[in-house]
Amino acid sequence: MRIPILKIQDILLVSVQIELDDQSALQLQEDLLIKIQETAAKGIVLDLTSLDMVDSFIAKVLGDIVSMSKLMGSTVVITGIQPAVAITLIELGITLNDVLTAMDLEKGVDLLRKAV
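What counts, and at which threshold
Starting afresh in each chain, residues are numbered from 1 along the sequence in its written order. Only residues with pLDDT of at least 70 are given local features in this predicted model, and only at 80 or more are side-chain atom pairs given and counted; all residues enter the totals for whole chains, interfaces and linings. Based on all heavy atoms of the structure, the side-chain values leave hydrogens and waters out of the count. Relative accessibility thresholds used throughout: buried, under 20% of the residue-type maximum; exposed, over 50%; partly exposed, between the two (1.4 Å probe, protein chains only). Runs of E in the DSSP output that reach at least two residues are strands. Runs of H or I that reach at least four are helices, and both are numbered from the N terminus. For two strands to count as paired, DSSP must find a minimum of two bridges between them. Every axis corresponds to a line fitted to the C-alpha atoms, with the helix fit spanning only the stretch in contact, and the corresponding angles, defined between N-to-C directions, vary from 0 to 180 degrees. Note on definitions: a residue-residue contact is assigned when non-hydrogen atoms from the two residues lie within 4.5 Å. Note on handedness: a clockwise path from strand one over the helix to strand two, with the strands aimed away from the viewer, defines a right-handed crossover.

Peer 1: Looking at this structure, how should I read the pairing of strand β2 (residues 11-15)?
Peer 2: Each regular strand shows side chains that alternate between the opposite faces of the sheet. Here β2 lies mainly inside the structure; four of its five residues are buried. Across four bridges, the pairing between strand β1 (residues 5-8) and β2 is antiparallel. Each bridged residue has a counterpart across the sheet, and for I5 the counterpart in β2 is V14. In terms of strand pairing, β2 meets strand β3 (residues 43-47) through five bridges, oriented parallel. Bridged to L13 within β3 is V45.

Peer 1: Can you walk me through the sheet that holds strand β5 (residues 100-102) in this structure?
Peer 2: Consider a sheet: its strands pair through backbone hydrogen bonds, and that pairing is either parallel or antiparallel. Strand order in the open sheet formed by five strands is β1-β2-β3-β4-β5, and the pairing between neighbours is mixed. This sheet does not close on itself; its edge strands, each paired only once, are β1 and β5. Averaged over neighbouring strand pairs, the angle between their axes works out to 25 degrees when direction is ignored. Together, β1, β2 and β3 form the strand contacts of helix α1 (residues 22-39), whose direction differs from that of β2 by roughly 165 degrees.

Peer 1: Could you clarify how one ought to interpret the pairing of β3 in this entry?
Peer 2: The element β3 is largely enclosed, with a buried count of five among its five residues. Taking every second residue as pointing to the same face, both faces of β3 are buried, with G43, V45 and D47 on one and I44 and L46 on the other. Considered for its hand, the β-α-β crossover made up of β2, α1 and β3 is right-handed. In this sheet, strand β4 (residues 75-79) lies alongside β3 in parallel orientation, the contact comprising five bridges. Residue V45 lies in a different strand from β4, and its bridge partner there is V77. In terms of handedness, the path from β3 via helix α2 (residues 56-71) over to β4 forms a crossover that is right-handed.

Below, the structure written as structure tokens:
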């Protein structure tokens, strides 16, 4: 199942509403990079509110998505990180340096608007 990527002006909105497995995470990565190229989006809000748990591979892919998006000129804001996900990311050594974060989607969009 593909994760929808919505375009709102110059922002891409990605709300992960399913538990990510390896294949869906890689598909999201590919789809998002293609969408950045097609739209020249200045920013991305990646909402992880529904994501309760991540493993090491999913954590790495999320970090890669942020890095790749930056390389393509898009600022990323991650919203809705659950406590278990935050703990797992830190325990796995995945530091999302210079990544903007917000508690919810609305605050994430506001933060991104100020950043770009």
